[in-house]
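Listed below, chain by chain, are the residues.
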Amino acid sequence: VGGFALASFVAGRTLSPSRSILAVAGAVILLGNAMSALAPSFELLLMLRAVTGMAMGTVTWVGWAQGSRIDGGIAEVAAMGPVVAGFASPILSRLTEMGGIRWTYLALAGTALIAGLIPATVVPTPPVGRTVSDSRSNRVLLGALVVLTLSGSALFVFCASVGARAGLAPFAVSMAFSLNALA
């Protein structure tokens, strides 16, 4: 989550969206997930997840940048997170139950490969830089967003652990999270 947020924040201030940035980020997602499936140590897995998270944050930033150019595009981009989480979570948890976490990472790599084959048009926009408002309220909102994102991630892990200790299968826990995301 940290790498995702950092990349989303930095990319919009330093880069202009392009097809090549999207392709490189997609390749990093593909390789990061494939290498995560083969990671021999937890430390390497954590590093791979951080790098993959940064690439996913970059792809998301490109999506937001492109969505902002189209009437109604921001709403479509905003709706994708809960929709994807709602459908992907049960599928990925079932894969994890059947073949372990390595299957899940391989499925994510396969999804990145398929997504990379879909033609995408990216219209370059100038980097935002420091033209954004320096108002104190924006900083408070950004801080609140960081706290809520990190808290939500921690709560997700905690609830999954509680569900596992209560004897719930990962699929049952993922269905609860999915229904919550879609509610």
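Scroll up for the structure.
Residues numbered from 1 in each chain as written. Predicted model: local features only at pLDDT ≥ 70, side-chain atom pairs only at ≥ 80, totals over all residues. Heavy atoms only, no water.

1. Remarks on helix α1 (residues 2–14)
If you check α1, its first and last C-alpha atoms are 18 Å apart, about what 13 residues at 1.5 Å a residue would give, namely 18 Å. For α1, the set of buried residues is Gly3, Ala7, Ala11 and Gly12. Relative to the axis of α1, the buried residues are bounded by an arc of 145 degrees and lie together on one face. Turning to α1, the residues buried within the fold contact α3 (42–67). (Helix = DSSP H or I, 4+ residues; strand = E, 2+ residues; numbered from the N terminus. Expected span 1.5 Å × (residues − 1). Buried < 20%, exposed > 50% of the residue type's maximum accessible area, 1.4 Å probe, protein only. Arc of directions from axis to C-beta. Contact = heavy atoms within 4.5 Å.)

2. Notes on the pattern of salt bridges
Applying the stated criterion to the full structure yields 1 salt bridge. Here Arg94 makes a salt bridge to Glu97, at a shortest N to O gap of 2.8 Å. Within this pair, Arg94 and its partner Glu97 are both found in helix α4 (residues 73–99), separated by 3 residues, close to a single helical turn. According to the relative accessible area criterion, Arg94 is partly exposed, its value standing at 36%. On the basis of relative accessible area, Glu97 is assigned to the partly exposed category, the value being 29%. (Salt bridge = Lys/Arg side-chain N within 4 Å of Asp/Glu carboxyl O.)

3. Observations concerning helix α5 (residues 101–117)
An α-helix turns once every 3.6 residues. As a result, residues three or four positions apart point the same way. If you check α5, its first and last C-alpha atoms are 25 Å apart, about what 17 residues at 1.5 Å a residue would give, namely 24 Å. For α5, the complete set of buried residues consists of Thr104, Tyr105, Ala109 and Ala112. The buried residues of α5 occupy one face: seen down the axis, they fall within an arc of 140 degrees. Those residues of α5 that are exposed and aimed more than 90 degrees away from the buried face are Ile114 and Leu117. Looking at the buried side of α5, the elements it contacts are α2 (19–38), α3 and α4.

4. A closer look at the packing of α3 against α4
Packing of α3 against α4 leaves a shortest axis separation of 8 Å and a crossing angle of 155 degrees. In terms of orientation, α3 and α4 fall into the roughly antiparallel class. Of the residues in α4, those touching α3 at Gly63, Trp64 and Gly67 are Gly73, Ile74, Val77 and Ala78. Split by residue class, the contact of α3 with α4 holds 4 nonpolar, 3 polar and no charged. (Axes fitted to C-alpha atoms, helices over the stretch in contact; angles between N-to-C directions. Parallel < 35°, antiparallel > 145°, perpendicular 65-115°, else oblique. Nonpolar A, V, L, I, M, F, W, Y, C, P; charged D, E, K, R; others polar.)

5. Observations concerning the packing of aromatic side chains
Inspection of every chain in the model, using the stated rule, returns 0 aromatic pairs. Between Arg94 and the ring centre of Phe171, over which it is positioned, the NZ or CZ distance is 4.1 Å. (Phe/Tyr/Trp six-rings, centres within 6.5 Å; stacked < 30°, edge-to-face > 60°. Lys NZ or Arg CZ within 6 Å of the ring centre and 35° of its normal.)

6. Re the side chain of Thr52
One can find Thr52 in helix α3. Ignoring anything within four residues of it in the chain, the contact list for Thr52 reads Val28, Ile29, Gly32 and Asn33.

7. Observations regarding the packing of α4 against α5
Between α4 and α5, whose axes approach to 6 Å, the crossing angle comes to 135 degrees. Classified by the angle between their axes, α4 and α5 sit oblique to one another. Crossing hand, α4 versus α5: right-handed. Across the interface between the two elements, Leu92, Leu95, Thr96, Met98 and Gly99 of α4 pack against Ile101, Trp103, Thr104, Ala107 and Leu108 of α5. (Left-handed = near helix turned anticlockwise from the far one by under 90°.)

8. Overview of the nonpolar core
Counting 7 residues, the largest nonpolar core is built from Ala11, Ile21, Leu22, Trp61, Val62, Ala65 and Val122. The contacts of Leu22, once residues within four sequence positions are left out, are Val59, Val62, Ala120 and Val122. Of all hydrophobic cores here, the second largest spans 5 residues; its members include Ala37, Ala39, Leu45 and Leu48. (Core = buried A, V, L, I, M, F, W, Y, C linked by side-chain atoms within 4.5 Å.)

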